[in-house]
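Listed below, chain by chain, are the residues.
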Amino acid sequence: GENVEQHPSTLSVQEGDSAVIKCTYSDSASNYFPWYKQELGKGPQLIIDIRSNVGEKKDQRIAVTLNKTAKHFSLHITETQPEDSAVYFCAALKGLGSNYKLTFGKGTLLTVNP
Amino acid sequence: DVKVTQSSRYLVKRTGEKVFLECVQDMDHENMFWYRQDPGLGLRLIYFSYDVKMKEKGDIPEGYSVSREKKERFSLILESASTNQTSMYLCASSFVGARTGELFFGEGSRLTVL
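All of these numbers come straight from a predicted model, not from anything done at the bench. (Residues numbered from 1 in each chain as written. Chains lettered and ligands numbered in written order. Predicted model: local features only at pLDDT ≥ 70, side-chain atom pairs only at ≥ 80, totals over all residues. Heavy atoms only, no water.)

**Student:** Is there a simple way to explain the overall build of chain A in this structure?
**Tutor:** Helices and strands together make up the secondary structure of chain A, namely zero helices and eleven strands. Starting at the N terminus, the α and β elements of chain A follow one another as β-β-β-β-β-β-β-β-β-β-β. In terms of overall dimensions, chain A is globule-like: its C-alpha atoms have a radius of gyration of 14 Å, near the 13 Å expected for 114 residues. Along the first, second and third principal axes, the C-alpha set of chain A runs to 45 × 30 × 20 Å. Looking at chain A as a whole, 43% of its 114 residues qualify as buried. A fraction of 52% describes how many contacts in chain A between residues 6 or more apart in sequence connect residues 24 or more apart. Taken as a whole, chain A presents about 5,800 Å² of accessible surface, with 47% of it coming from carbon and sulfur. (Helix = DSSP H or I, 4+ residues; strand = E, 2+ residues; numbered from the N terminus. Rg over C-alpha atoms; globule rule 2.2 N^0.38 Å. Buried < 20%, exposed > 50% of the residue type's maximum accessible area, 1.4 Å probe, protein only. Contact = heavy atoms within 4.5 Å. Areas by Shrake-Rupley, 256 points an atom, 1.4 Å probe, with all protein chains shown as cover.)

If you want it as structure tokens, here you go:
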């Protein structure tokens, strides 16, 4: 089955710096890659996603890149703010007929220091 | 906005007790999921359901069962709670097919088994 590796497991940056979280996946049939943000005491929330026919997607300060050949995708946060502190999860979705399976990475705890 | 509501935020139960965790979604989603979240292990899928009365085992179904009698409600049942089931439980829902990966999560239920 699919295996999603996420690095680093923890990341600490200064406010205003950039943060990058990287994920690799094993199954080339995966074609949808969402990123979730989980704030303390809350459930994860989808913040950005990318499909396999796109190489990059941007939404204000966050962007995601996808390299299908290398089977890796990354989340980029620019001009980080304290409210960006959270656990971030990447995931990969593989579909076969009517059967779809979503596999998550183990998460990255991002701390933005004021 | 989509809302996924989990009935209990915090529960404390004794070993051997039967535990019910309830989840309700209001977006008419076909898919509903139960995940377990533990530090360092990320989000692990326990069970999911793609339709009323339908269920599929996830990656860690042992010790759990589920019930989906109505489209909007998905229950997780621990028949005989054990201390190793102390964890955060997250319910999620989504549309079927290619939108399976666009999950909407509840706030979580933190279960402690003594």
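Here the narrative resumes.
**Student:** Any chance you could explain the interface of chain A and chain B here in plain terms?
**Tutor:** How big an interface is tends to be stated in terms of accessible area lost as the parts join. On the side of chain B, 18 residues touch chain A, which itself brings 18 residues to the contact. Buried surface at the junction of chain A and chain B, both sides included, amounts to about 1,500 Å², of which 56% is carbon and sulfur. It is Pro44, Tyr100 and Phe104 of chain A in chain A that bury the most area against chain B; as a group they hold 29% of the surface buried on that side. Inspection of the region where chain A meets chain B yields two salt bridges. In this structure, arginine 51 of chain A engages glutamate 102 of chain B in a salt bridge whose closest nitrogen and oxygen atoms are separated by 3.2 Å. Grouping the constituent residues of the side of chain A that touches chain B by class yields ten nonpolar, three polar and five charged. (Buried area = accessible area lost by both parts, 1.4 Å probe. Salt bridge = Lys/Arg side-chain N within 4 Å of Asp/Glu carboxyl O. Nonpolar A, V, L, I, M, F, W, Y, C, P; charged D, E, K, R; others polar.)

**Student:** I tried to follow the sheet that holds strand β1 (residues 4-7) of chain A on my own but got confused; where do I start?
**Tutor:** Residue and element names in this part refer to chain A. Pairing is antiparallel across the open sheet formed by five strands, whose spatial order is β1-β3-β8-β7-β6. Each edge of the sheet is formed by a strand with only one pairing partner; in this case those strands are β1 and β6 (56-59). Each adjacent strand pair in this sheet contributes to an overall mean axis angle of 15°, direction not counted. Relative to strand β8 (residues 72-77), strand β7 (residues 62-67) runs antiparallel, the two sharing six bridges. In the sheet register, alanine 63 faces β8, and the bridge partner there is histidine 76. (Pairing = 2+ DSSP bridges. Axes fitted to C-alpha atoms, helices over the stretch in contact; angles between N-to-C directions.)

**Student:** Explanation requested: the environment of methionine 54 of chain B in the structure shown.
**Tutor:** Residue and element names in this part refer to chain B. Among the secondary structure elements, methionine 54 is positioned in the loop between β5 (42-49) and β6 (56-57). Each C-alpha atom, one on methionine 54 and one on arginine 9, is 26 Å from the other, the two residues being 45 residues apart in sequence. Every residue in contact with methionine 54, bar those within four places of it in the chain, is listed here: Phe48 and Ser49.

**Student:** Honestly, the pattern of salt bridges in this entry has me stumped. Any pointers?
**Tutor:** In a structure, side chains of opposite charge can pair up when their charged atoms sit close to one another. Residues and elements named next belong to chain A. According to the stated counting rule, one finds 14 salt bridges over all chains in the structure shown. Between aspartate 84 and arginine 61 there is a salt bridge whose closest N-O contact spans 2.9 Å. Of this pair, aspartate 84 sits in the loop between β8 and β9 (86-96) while arginine 61 sits in the loop between β6 and β7; the two residues are 23 residues apart in sequence, bridging distant segments of the chain. For aspartate 84, a relative accessible area of 6% puts it in the buried group. Shared partners join several salt bridges into a network, and the residues in it are Lys37, Glu39 and Lys42.

**Student:** Can you walk me through the state of the cysteines in this structure?
**Tutor:** A covalent bond between the sulfur atoms of two cysteines is referred to as a disulfide. Throughout the structure, instances matching the rule amount to two disulfides over all chains. Put simply, cysteine 23 of chain A and cysteine 90 of chain A are joined by a disulfide, and their sulfur atoms are 1.9 Å apart. Here the disulfide of cysteine 23 of chain A and cysteine 90 of chain A is left-handed, its torsion about the S-S bond being about -100°. Taken together, the residues cysteine 23 of chain A in strand β3 (residues 19-25) and cysteine 90 of chain A in strand β9 connect sequence positions 67 residues apart. The buried category is assigned to cysteine 23 of chain A, whose relative accessible area is 0%. The disulfide partner of cysteine 23 of chain B is cysteine 91 of chain B, and the S-S distance across this bridge is 1.9 Å. The disulfide joining cysteine 23 of chain B to cysteine 91 of chain B has a torsion of about -80° about its S-S bond and is therefore left-handed. You can see cysteine 23 of chain B sitting in strand β3 (residues 19-25) and its partner cysteine 91 of chain B sitting in strand β9 (residues 87-94), a full 68 residues away along the chain. Here cysteine 23 of chain B matches cysteine 91 of chain B in class, with each residue buried. (Disulfide = S-S within 2.5 Å.)

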